Amino acid sequence: MKKEHIVIWTLFLFLMFVFCVEMTSRWLYKDVTLEAGRKSVEVLLGNADIYNYSSFTPHPYMLYENTPLYTNSYQQINSLGYRGHEISETPDKKTIRILTLGGSTTFDGGVENPAKTWTAQLEGIFNHKGYKVETINGGINAATSAEMLSHYMFKYRYLSPDVVIVNLGWNDTAPLYFKDYDPTYSKFRRWGGLSIASRVGEKEILQYSYFLRIIYAWWLGNPKLSDLILLPAEWNTVKPSMIMQNVKHNEPIGFERNLGVLLQTIITDGAKPVLFIEPIATADIFKTYHDDWVKSAFSAMEIAYEKDKAVVRKMSKKYHVFLIEMPKSSIPISDFVDHAHVNEAGAALKANFIYQNLPKNYLRKKYAS
Amino acid sequence: MLRDFVYKRKKFIALLIGAYFIFFGGLLLYVDKLTNTKTPIEIIIDSI
C-alpha cells in the first residue's frame, strides 16, 4: 500500500471516528452528564449567569441567601427568597404572622411539596383550628446561627412577625468539628463568589463540540457549597477521630453569642421568640441511609448537638424565651430521609408538636382588638 | 485497499471501538447510579 493511501485512509478513519463520537455525544449529552456540570458549561459558553442557576446567591452582608424564584424538585423559592407561596412583606393586621428561622431542617430539604413543610403544615393546623395564622419559612440551607442572625438583622425583621420560631443548633455543630475554633466562625466560613471564566478559544470549541462539553461538564463539575461559603474546603474529608477530639475540646461560644443577640433583637422588635429543639435520627438510620463519613462521625456529631442544645436551654432561661423541645425518639426512623432531615410525615409530627406546645396566648394579640 | 488497511490495524481499530463503547456506556451507567442514589439534601447541595 502506498504511503499516501495510508495517510488518506488513516485520516478518513480518524474523521469517521470523530464524527461518530461527536454524533453520539450530541445524542447522549444530557444522559451522560450531571445537571450541575451542564450548568457550568452553559456559564462557560456565556449562555447563563452562574447565579441564575444556583439556589444560593452570595450576599455582601448575609453571606448568601436563597435565590428568589429558584425552583427544583426540592426547592421552591418565592420572589422574596422564602420557601413556599408568595407572601406580602407587609403583614395583614388581622393575621398572626409566624416566622420560622433555621437551616435545611426548617427549609425542610426532605420534603418535596412546599405545602407540606412543617412551617406550612403548622399554618394549616392553626387555621383548621380557627386561628388566622400565616407562617413564613425562613429556612436557609446550610445556615448556622451566624447566617440566621444576619438574615434577621437585614431582612426578616422587616416582615414584622408576631412570633419567631428559632430552630437552630444542628448546623452550628459543624464549626465545632474543626481545630482553631473561632466564635466568629471565620475559620469555618468565608465569602467566596463563584466564577467560571473561559480562556481563549474555549468558548468557540465548546460551541461546536459536544464531546468536549461532556469532558468539561465532568471536569468543571459542580461548584460545591464549600467553594462558596465553607471552610475548611472539603469538610467531609476530616477524619472522624479528629472530629471527636475537636468536638470535645471546642465550646459553642459563637452559637451562644449569636443566639443571644438574635433573641434580644426579636424581643426588642416586639415579637415573641420561641426556641425549638428538634430531634435528629438515632444511629439506626444507617441501616437504611448510607453515608460512611456521617456514620463514622455521627457519635461526635451527637455530642456537638448536645452541647448546642444545652446552649438553647440556657438561652431560654436567660431571656425567658419559651422552649419547645421534641423528645429524641418522637419521630420514627422511617420518617427520616437521612440523619437530620424528615419527610412529609416527619414534618407533620413537628408541626403538630409545635401546635400543641406553643402558648396560645402568643396568638391572642390581634384577636383582642 | 481499505480491507488491507483495516486488516493491518485491526487491533488499533478494535481498541478505538472498545474505547468508544466503554466511554459512553460507562458514563451512562455512572450517571444512572449517581442520580438514583442521591438523597434530597444532596440534590439541594448540588443545586448551588
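Here the structure is a predicted model, which is why all the values come from computation and not from measurement.

Asker: Would you mind showing me how to read the sheet that holds strand S9 (residues 322-325) of chain A here?
Answerer: One key point about sheets: their strands pair by backbone hydrogen bonds, in either a parallel or an antiparallel sense. All names here are of chain A. Strand order in the open sheet made by the 5 strands is S6-S5-S7-S8-S9, with parallel pairing throughout. Two strands in the sheet have a free side with no partner beyond their single neighbour: strand S6 (133-139) and S9. Averaged over all pairs of adjacent strands, the angle between their axes in this sheet comes to 20°, without regard to strand direction. One ladder, built from 4 bridges, connects strand S7 (residues 163-167) with strand S8 (residues 272-277); its direction is parallel.

Asker: Any chance you could explain the packing of aromatic side chains here in plain terms?
Answerer: For any pair of aromatic rings, the description consists of the separation of the ring centres together with the inter-plane angle of the planes. Residues and elements named next belong to chain A. One pass over the full model with this rule turns up 21 aromatic pairs over all chains. Summarising the aromatic geometry, the rings of Tyr29 and Tyr210 are spaced 5.4 Å apart at their centres and angled 85° between planes, so their arrangement reads as edge-to-face. Highlighted residues: Tyr29 in the loop between helix H1 (3-28) and helix H2 (35-44) and Tyr210 in helix H8 (residues 210-220), separated in sequence by 181 residues. Residue Tyr29 is classed as buried on the basis of its relative accessible area of 7%. One aromatic cluster in this structure is built from Tyr177, Phe178, Tyr181, Tyr185 and Phe188.

Asker: How do you make sense of helix H5 (residues 118-128) of chain A when you look at a structure like this?
Answerer: Since there are 3.6 residues in each turn of an α-helix, residues three or four apart along the chain are aligned in direction. All names here are of chain A. Buried within H5 we find Trp118, Thr119, Gln121, Leu122, Glu123, Ile125 and Phe126. Against strand S5 (96-102), helix H4 (104-107), S6, S7, S8 and helix H13 (344-357) lie the buried residues of H5. Phi turns positive one or two residues past the end of H5, at Gly130, with a value near 100°.

Reading the values: the criteria
- Residues numbered from 1 in each chain as written.
- Chains lettered and ligands numbered in written order.
- Predicted model: local features only at pLDDT ≥ 70, side-chain atom pairs only at ≥ 80, totals over all residues.
- Heavy atoms only, no water.
- Pairing = 2+ DSSP bridges.
- Helix = DSSP H or I, 4+ residues; strand = E, 2+ residues; numbered from the N terminus.
- Axes fitted to C-alpha atoms, helices over the stretch in contact; angles between N-to-C directions.
- Phe/Tyr/Trp six-rings, centres within 6.5 Å; stacked < 30°, edge-to-face > 60°.
- Buried < 20%, exposed > 50% of the residue type's maximum accessible area, 1.4 Å probe, protein only.
- Contact = heavy atoms within 4.5 Å.

Taken by themselves, the reported measurements are silent on function.
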